[in-house]
Amino acid sequence: IGKDTVAYSITRAAGENVGTYTSTPAGEKDQGNYSVTYNTGTFTITKADAKLNVVTATSYSSTYDGQAHSITAGASKSGSDLYYSLDAGNNKNWTAEKPSFTDVTAAKTVYVKAVNPNYEDAFGSATVTITAKTVTVTANNKTKSYGTSDPAFDAIVDGTIGKDTVAYSITRAAGENAGTYTITPSGKADQGNYSVTYKTGTLTITKA
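Let me begin by describing the structure that accompanies this report.

Rules and cut-offs
- Residues numbered from 1 in each chain as written.
- Predicted model: local features only at pLDDT ≥ 70, side-chain atom pairs only at ≥ 80, totals over all residues.
- Heavy atoms only, no water.
- Helix = DSSP H or I, 4+ residues; strand = E, 2+ residues; numbered from the N terminus.
- Rg over C-alpha atoms; globule rule 2.2 N^0.38 Å.
- Buried < 20%, exposed > 50% of the residue type's maximum accessible area, 1.4 Å probe, protein only.
- Contact = heavy atoms within 4.5 Å.
- Areas by Shrake-Rupley, 256 points an atom, 1.4 Å probe, with all protein chains shown as cover.
- Lys, Arg positive; Asp, Glu negative; His and termini not counted.
- Charge placed at Lys NZ, Arg CZ, Asp CG, Glu CD.
- Patch = residues over 30% accessible without salt bridge, like charges linked within 9 Å, V, L, I, M, F, W, Y side chains within 5 Å.
- Salt bridge = Lys/Arg side-chain N within 4 Å of Asp/Glu carboxyl O.
- Phe/Tyr/Trp six-rings, centres within 6.5 Å; stacked < 30°, edge-to-face > 60°.
- Lys NZ or Arg CZ within 6 Å of the ring centre and 35° of its normal.
- Pairing = 2+ DSSP bridges.
- Axes fitted to C-alpha atoms, helices over the stretch in contact; angles between N-to-C directions.

As a further point, take the overall build of the protein. A tally of regular secondary structure across the protein gives zero helices and 19 strands. Against the globule reference of 17 Å for 208 residues, the protein gives a C-alpha radius of gyration of 37 Å, more extended than a compact globule. Taken along the three principal axes of its C-alpha coordinates, the protein extends 135 × 25 × 20 Å. Every one of the 208 residues in the protein was classed for burial, and the buried ones make up 26%. Taking the contacts inside the protein whose residues are at least 6 apart along the sequence as the reference set, 55% of them involve residues at least 24 apart. By element, 48% of the accessible surface of the protein is carried by carbon and sulfur atoms, the whole surface being about 13000 Å². Each charge class in the protein was averaged separately, 18 positive and 18 negative side chains, and the resulting centres sit 8 Å apart.

Next up, the structure:
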């Protein structure tokens, strides 16, 4: 009553992670003119700002090599789980599996979310760019004698990976007299994972 006081102390349950912890006041029950009872309270730890958990996402950019590639990503706070999405909309389809790309890819954005029990969700993004590999198709030189049939025309294909192939055809300049004639390989320049260039060869018809 008035300026009277009672003596007490307060402790709380141990813990620093996000959650609720019991706050417990304690002291003597019998304090002169007062009989004191003690009721617990709750101490709440909320999630820290997402800005404190920094997401780093590094882009990948290189030429097609037949291997799968993706971004690299991490979060500054330990205990963070990373999730990924290719969805640019508001309702992203997050997955723990990081997406990867093998074929030619034009600056595909991969979004990253870091989930940590003690921090608000943090976000980042990076891109994957895979450009076409250069391939050269060079016609082989050939020789035949006047009056005989043309040999089979072929070419050296330089730059493909593994069992990959590119499509092309080979023709030669018309003529059957002794002399030299251009052998020309041709086809599409853009062939999926490859950018193809073509180099001519020479057919030599010798005198019979």
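Having seen the model, we can carry on.
Taken together, the side chains of Val6, Tyr8 and Ile10 define a hydrophobic patch exposed on the protein surface, amounting to about 300 Å² of accessible area. Tracing the backbone through its elements, the reader meets Tyr8 in the segment before β1 (9–12).

Here the focus is the packing of aromatic side chains. Counted according to the given criterion, the structure contains two aromatic pairs. Arranged with centres 5.5 Å apart and planes meeting at 80 degrees, the rings of Tyr64 and Tyr194 form a pair that is edge-to-face. In this pair, Tyr64 is assigned in the loop between β7 (60–63) and β8 (72–75) and Tyr194 in strand β18 (residues 194–199), connecting sequence segments 130 residues apart. As far as the burial class goes, Tyr64 and Tyr194 line up, both buried. Where Trp94 meets Phe123, the ring centres are 6.0 Å apart and the plane angle is 45 degrees; that geometry is what we call tilted. Of this pair, Trp94 sits in the loop between β9 (81–85) and β10 (105–116) while Phe123 is found in strand β11 (residues 119–131), placing the two residues 29 residues apart along the sequence. If you follow Arg172 out to its NZ or CZ, it ends over the ring of Tyr181, 5.4 Å from the centre.

The subject of this paragraph is the sheet that holds β7. In spatial order, the strands read β7-β11-β10-β9; together these four strands make up an open sheet with mixed pairing. Strand pairing shows two members of the sheet lacking a second neighbour, β7 and β9, which therefore form its edges. With strand direction ignored, the average angle separating the axes of adjacent strands in the sheet is 20 degrees.

With that out of the way, let us pick up the pattern of salt bridges. Tallying each qualifying case throughout the model produces six salt bridges. One salt bridge in this structure joins Lys144 and Asp150, with 2.7 Å as the shortest N-O distance. Note on Asp150: relative accessible area 33%, which makes it partly exposed. One salt-bridge network, held together by shared partners, links Lys144, Asp150, Arg172 and Glu176.

A few words now on the environment of Pro185. The topology assignment puts Pro185 in strand β16 (residues 179–186). Exposure remark for Pro185: the relative accessible area of 3% places this residue in the buried category. Between the C-alpha atoms of Pro185 and Lys199, which are 14 residues apart in sequence, the distance is 6.9 Å. Residue contacts for Pro185: discarding those within four places in its chain leaves Val137, Ala139, Ser169, Ile170, Tyr198, Lys199 and Thr200.

A few words now on the pairing of β18. For a regular strand, side chains alternate in direction, first toward one face of the sheet and then toward the other. Bridge count for strand β12 (residues 133–139) against β18 is six bridges, and the pairing is parallel. Note on β18: the bridge partner recorded for Val137 is Tyr198. Pairing geometry for strand β17 (residues 190–191) and β18, over two bridges, is antiparallel. Each bridged residue has a counterpart across the sheet, and for Asp190 the counterpart in β18 is Ser195. Between β17 and β18, which pair antiparallel one after the other, the connecting turn spans two residues, and Gly192 there sits at a positive phi close to 65 degrees.

Here we come to the sheet that holds strand β2 (residues 19–26). Read across the sheet, three strands follow the order β1-β2-β5 without closing on themselves; strand pairing throughout is antiparallel. The two strands at the open ends of the sheet, each matched to only one other strand, are β1 and β5 (41–45). With strand direction ignored, the average angle separating the axes of adjacent strands in the sheet is 30 degrees. Direction of pairing for β1 relative to β2: antiparallel, over a ladder of four bridges. Bridge assignment links Ser9 to a residue of β2, and that residue is Ala26.

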